[in-house]
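Here are the chains, one letter per residue:
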Amino acid sequence: MIVDGLGKAGIALTGEATVVNGNPALLLRVDGEIDGVIAVRVEDARITGLYYVRNPRKLTRIAIENPLTLK
C-alpha cells in the first residue's frame, strides 16, 4: 500500500542490503538520496530487534557501502 502510494506520487523508493554495526540492515533511498536504515539485531539465529534510523546526523557514516555477506 505505502509503496504503491509513493509510486503514484512520483517518488522512487529503493532498498539495498548492507551491514550496520556488524548486523544485517536495509539502506532505504528516496529518489536516490539516503532516507533511513532499518537495522536488524540477530541473537542465536533469531531476530530480536528492528531499528529504523532517519536522523541525518547518524546517517553520515552510512556513505561507505559494505556488501552483505554470509559468515
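Bear in mind the structure is a predicted one, so any value in this text is a computation, not a measurement. (Residues numbered from 1 in each chain as written. Predicted model: local features only at pLDDT ≥ 70, side-chain atom pairs only at ≥ 80, totals over all residues. Heavy atoms only, no water.)

Where strand β1 (residues 13–20) meets strand β2 (residues 23–30), 8 bridges bridge the pair, whose relative direction is antiparallel. Note that in β2 the partner of T18 across the bridge is A25. In this structure, the hairpin formed by β1 and β2 is closed by a connection of 2 residues, where N21 is found at a positive phi of approximately 55°. The turn joining β2 and strand β3 (residues 33–43), which pair antiparallel and follow one another in sequence, is formed by 2 residues; a positive phi near 50° is taken by D31. (Pairing = 2+ DSSP bridges. Helix = DSSP H or I, 4+ residues; strand = E, 2+ residues; numbered from the N terminus.)

On to the pairing of β3. Note that β2 and β3 share 6 bridges and pair antiparallel. Across the sheet, the residue bridging to L28 is G36, located in β3. Two strands pair when backbone bridges link them, and β3 and strand β4 (residues 46–53) are joined in this way by 7 bridges, in the antiparallel orientation. Bridging across to β4, V37 finds its partner in V53. The hairpin formed by β3 and β4 contains 2 residues between the paired strands, and D44 there has a positive phi angle of roughly 55°.

This paragraph deals with the confidence of the model for the chain. Per-residue pLDDT for the chain has a mean of 77; in total, 72% of the residues score no lower than 70. Of all helices and strands in the chain, the one with the weakest mean pLDDT is helix α1 (residues 2–8) (55), whereas β4 scores best (90). (pLDDT = per-residue confidence, 0-100.)

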